[in-house]
Amino acid sequence: MAWQGGLRATHFWDCNGAGCDAATLQPWEPRRYVYSPRYAPLDPSTLGGAQYGESLWLTAAASRGLAALLAADAPCCGADANDGSGGCGRCLLVRNPAATRANLTAVVMKKSFCPPANGACAAAKAHVDIAVPGFDYAPASDAQVCGSAERADTFLSRAEAEACGAWWQQGANAAAGCDCSRLRADTPERLMLRRGCELFAAWGWTSGNPDLEYQLVDCPSAFSAHISQAFGLDGVNLLQHPSGPNAPPRSPAPDPLPPPSSPSPFASPTSNGLSARAIGGIVTAALVVASLSLFRYRRRLCGAAHHHRSQELHRGDPDHPAQTGICLTSRTRCRTALASEEQAALPVTFM
């Protein structure tokens, strides 16, 4: 397919959620509406390799004029009901003849909408605003939320998002005028953002709004799969922490709690290693001891009551056990003896 011209390009990173993700977030919660770090520039070789010989995979906001050239929303990567132009998850192959690496090509996927209110995207203009961490140009950024308390986590501060936004003031091309080390890399997400900054800067744009050449292409399947995992019902899907010598440092693990000085026999099995069976045995033994103690106490009370009652009923009878200090020991027998003695002592009444 022949290259076509006339596609004006710019760059941004305002941390605001992608238009194609607006309907994905359920329920709608503005604090979780954030541009995913996985939308930063990627090296295709890290995900299986290029499909068209491209060196970069990029995401972008497309004008209505550009979106009209794309097909309907792809199943993989969201939809934007607000702009009605379609094209979410659809791709272009682009190159920048004015860049220091003029032969470098990149696949660009639409993930957001550049509204006509933005002069660069007015009317039927074909315009692509490429998402690059650190390359937000403050004077033209009308939706900047990086570092804002209105978002749960934007991964970059506003200063980081704008670190290379006006790179032409520092060098003749983006590679010379941008210092991506100004972006932190202390989490997997920030490491991905800084790497995206470096990949784009190395392309070597010599203008902040160049005219690109482009072709309409199918998105590489690995690229679509990567983007499909970036954002879900709850917002940004976080990355797993990488391993290896180049991984960013992790936060130190909290100190373990000290073991109790005298473990309770009723503590949970996980806290002192006792099994449920052992705990059951301890509880049963404690109940038996308590029952025996109660029995002996009540037996003493019963015996004393019987002895006292017998003395009252049999005063003057030297042969009765109450007068000799002998007491029945069984609680049942004690009750029976007292009852029988009381019955025997009652006066007989004739009707």
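Per an unreviewed UniProt entry, the chain goes by the name Cellulase and belongs to Prymnesium parvum.

Colleague: Quick question: what am I supposed to make of the packing of aromatic side chains here?
Modeller: The description of an aromatic ring pair uses the distance of the two centres, along with the angle that the planes make with each other. Under the defined criterion, the tally for this structure stands at 11 aromatic pairs. Residues Trp 203 and Trp 205 carry aromatic rings whose centres are separated by 5.7 Å and whose planes lie at 65 degrees to one another, so their mutual orientation is edge-to-face. With a relative accessible area of 0%, Trp 203 lands in the buried category. Among the residues examined, Trp 205 registers a relative accessible area of 0% and is labelled buried.

Colleague: Whenever I open this one, the state of the cysteines confuses me. Can you help?
Modeller: Two cysteines form a disulfide when their sulfur atoms are joined by a covalent bond. Following the criterion strictly, the structure yields seven disulfides and no others. Paired by a disulfide, Cys 15 and Cys 146 hold their sulfur atoms 1.9 Å apart. Looking down the S-S bond of the Cys 15 and Cys 146 bridge, the torsion is 95 degrees, so its handedness is right-handed. On the criterion of sequence distance, the pair formed by Cys 15 in the loop between β1 (4-12) and β2 (56-62) and Cys 146 in the loop between β5 (127-131) and α2 (158-161) is long-range, its members being 131 residues apart.

Colleague: Teacher, can you tell me more about helix α4 (residues 188-201) here?
Modeller: An α-helical turn contains 3.6 residues, so a residue and the one three or four places further along point in the same direction. For α4, which comprises 14 residues, the first-to-last C-alpha distance of 20 Å matches the rise-based estimate of 20 Å (1.5 Å per residue) to within 8%. Among the structural elements, β1, β2, β5, α3 (174-177) and α5 (221-228) are those in contact with the buried residues of α4.

Colleague: Looking at this structure, I do not really get the environment of Gly 89. What am I missing?
Modeller: Among the secondary structure elements, Gly 89 is positioned in the loop between α1 (64-67) and β3 (91-95). The class of Gly 89 is buried, set by a relative accessible area of 4%. Measuring from C-alpha to C-alpha, the distance between Gly 89 and Ser 228 comes to 8.9 Å, with 139 residues separating the pair along the chain. The residues contacting Gly 89, other than those within four sequence positions of it, are Ala 74, Cys 77, Met 109, Lys 110 and Cys 219.

What counts and how
- Residues numbered from 1 in each chain as written.
- Predicted model: local features only at pLDDT ≥ 70, side-chain atom pairs only at ≥ 80, totals over all residues.
- Heavy atoms only, no water.
- Phe/Tyr/Trp six-rings, centres within 6.5 Å; stacked < 30°, edge-to-face > 60°.
- Buried < 20%, exposed > 50% of the residue type's maximum accessible area, 1.4 Å probe, protein only.
- Disulfide = S-S within 2.5 Å.
- Helix = DSSP H or I, 4+ residues; strand = E, 2+ residues; numbered from the N terminus.
- Expected span 1.5 Å × (residues − 1).
- Contact = heavy atoms within 4.5 Å.

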